[in-house]
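A look at the structure
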Amino acid sequence: MPKLNVGVLFGGRSVEHEVSVVTGLQVVENIDKTKYDVTPIYISKDGDWYTGEELLNIKSFKNIEDLLTKLRKVFLPPVPSLNSLFYYPFKTGFFKREAETLKVDVIFPALHGMHGEDGTVQGLLELSNIPYVGSGVTGSAVGMDKIIMKDILKANDIPIVNYTWFFRKDYERDKDSVVKNIESKVKYPMFVKPANLGSSIGISKAKNVGELIYAIEIAIKYDRKIIVEEGVINPAEINCSITGREDEVFASTLEMPVTWQEFLSFDDKYMSGNSQKGMKSATRKIPAPIPDEKSDEIKELAKKTFMVLDCSGISRIDFLMEKDTMKIYVNEINTMPGSVAFYLWEPEGVDFKSLIDRMINTALDAHREHNRNIYTFDTKLLLKASSGSIKGGKNRK
């Protein structure tokens with residue numbers, strides 16, 4: 001059986017660019033080379049796409065400017081009949097320009113944050129008709145937007161903390177009104193977050209109005225929508241990864257980050273140890289030291305969250321638990337978690353290589369299912385319109 005060529009996409013125009021590079025190279029390193037060829041595809045902070053063997057060495061990223069001179073630019077046209085990446089500038093011959101293509105069988109978007117984990121790249125891959133790992137457009141988009149995500153979870157009776165939200169323009173127009181509205185709906189302490197970021201970037205805790213205003217001033221630098229959540233008293237964080245799609249989903253072993261006090265900072269997640277190991281370098285207890293019945297409750301909530309948000313492939317769902325009452329709240333979902341959350345699957349007997357294999361197979365299944373749909377419908381509408389026999393909906397009564 002011929003090997004599939006997997007394009008691993010990483011980097012991206014996102015504040016989580018560096019985290020994505022680590023995740024992408026972890027996937028490249030651990031993919032089963034007996035079954036897959038790998039093409040690394042790096043998206044720069046400017047949004048340009050590159051490929052080349054130099055991308056396989058993390059040390060190359062010490063000097064990005066120099067690295068880019070050794071790579072070739074590529075782009076992916078949103079045309080299903082082309083179904084390939086193209087190198088550019090095109091090679092120029094004496095009589096014509098020759099388009100040189102790069103064929104990939106499936107894309108692994110190891111991207112975090114905006115312009116990668118938020119449904120945008122997934123939309124491009126849908127238009128190009130290339131199979132891809134992870135959630136689709138809808139799951140990725142609602143998983144990224146914490147406001148829409150919480151609205152959906154609330155509508156499905158999944159426990160979440162009290163919250164409110166506002167637009168940046170509303171705050172800039174009338175700060176006092178926005179602050180008063182927040183205080184009328186959410187109790188201190190509260191957490192102020194950009195609605196569409198990950199890795200704890202732009203998040204602050206506020207215990208009084210002064211800290212609230214300071215937290216808002218930080219958050220609005222990153223997003224036009226801001227969510228404010230009520231803090232959980234004496235909390236513990238517990239995380240669970242889910243794989244699969246539709247109603248065939250599986251829960252991982254649970255983890256409890258031990259450096260976590262009020263929320264995991266970017267440094268807690270990626271800088272406390274070996275930064276090349278990504279999220280695995282953070283200090284944590286696996287399995288989480290909680291009773292079995294509570295573990296089962298969290299796993300079922302994680303599965304339900306994954307399904308109601310229409311996610312696919314893999315996600316990590318983060319929970320908050322009140323230590324005194326052991327009451328559980330879903331905090332957020334990460335549709336492409338750092339390090340692909342592989343360390344949560346090892347206790348289940350699923351090593352990193354097998355996890356990647358499972359995700360690729362899920363992607364291929366989802367793509368086959370997607371292409372079963374009929375996307376065109378033959379009609380004589382344009383023929384009649386061109387002959388002047390119909391005037392369109394404008395003249396209908």
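Read on for an overview of the structure. All of these numbers come straight from a predicted model, not from anything done at the bench.

Here we take up the packing of helix α4 (residues 137-144) against helix α5 (residues 146-155). Taken N-terminus to C-terminus, the directions of α4 and α5 make an angle of 100°; their axes are 5 Å apart at the nearest point. By the angle class used here, α4 and α5 are roughly perpendicular. Packed against α4, whose contacting residues are Val142, Gly143 and Met144, the element α5 presents Lys146, Ile148, Met149 and Ile152 at the interface.

This part covers the nonpolar core. In this structure, Val6, Phe10, Phe61, Phe108 and Ile360 are the most contacted members of the largest nonpolar core, which totals 35 residues. Counting only elements with at least two residues in this core, the list comes to β1 (4-11), α1 (17-30), β2 (36-43), β9 (106-109) and α11 (352-370). Both domains that furnish three or more residues to this core are identified here as domain 1 (4-132) and domain 3 (235-269 + 282-369). Setting aside its immediate chain neighbours within four residues, Val6 contacts Ile31, Tyr36, Asp37, Val38, Thr39, Val106, Phe108 and Ile360. With 31 residues, the next largest nonpolar core counts Ile158, Ala236, Cys311 and Val330 among its residues.

Further remarks concern the sheet that holds strand β15 (residues 248-251). Within a sheet, adjacent strands bond to each other through the backbone by hydrogen bonds, running parallel or antiparallel. Read from one edge of the open sheet, 4 strands run β15-β14-β18-β19, paired in antiparallel fashion. In the strand order of this sheet, the two ends are held by β15 and β19 (328-334), each with one partner. In this sheet, adjacent strand axes meet at a mean angle of 30° when their direction is disregarded. By the bridge criterion, 4 bridges tie strand β14 (residues 235-245) to β15 in an arrangement that is antiparallel. Across the sheet, residue Ile242 finds its bridge partner in β15, namely Ala251. Most of the contacts of helix α10 (residues 292-308) go to strand β18 (residues 312-322), to which it runs at about 135°, and overall it touches β14, β15, β18 and β19.

This structure, assessed with the given rule, holds 9 aromatic pairs. Ring centres of Phe342 and Phe352 lie 4.3 Å apart, and the angle between their planes is 5°; on these two criteria the pair is classed as stacked. Here Phe342, found in the loop between β19 and α11, pairs with Phe352, found in helix α11; they are 10 residues apart in sequence, far enough to count as distant. Residue Phe342 shares its accessibility class with Phe352, and that shared class is buried. By way of ring pairs, the aromatic residues Phe10, Tyr42 and Phe61 are connected into one cluster. Sitting over the face of the ring of Tyr87, Arg72 holds its NZ or CZ atom 4.0 Å from the ring centroid. The ring of Phe250 is capped by Arg358, whose NZ or CZ atom sits 5.9 Å from the centre of that ring.

Definitions and limits used
- Residues numbered from 1 in each chain as written.
- Predicted model: local features only at pLDDT ≥ 70, side-chain atom pairs only at ≥ 80, totals over all residues.
- Heavy atoms only, no water.
- Axes fitted to C-alpha atoms, helices over the stretch in contact; angles between N-to-C directions.
- Helix = DSSP H or I, 4+ residues; strand = E, 2+ residues; numbered from the N terminus.
- Parallel < 35°, antiparallel > 145°, perpendicular 65-115°, else oblique.
- Contact = heavy atoms within 4.5 Å.
- Core = buried A, V, L, I, M, F, W, Y, C linked by side-chain atoms within 4.5 Å.
- Buried < 20%, exposed > 50% of the residue type's maximum accessible area, 1.4 Å probe, protein only.
- Domains from an automatic or database assignment.
- Pairing = 2+ DSSP bridges.
- Phe/Tyr/Trp six-rings, centres within 6.5 Å; stacked < 30°, edge-to-face > 60°.
- Lys NZ or Arg CZ within 6 Å of the ring centre and 35° of its normal.

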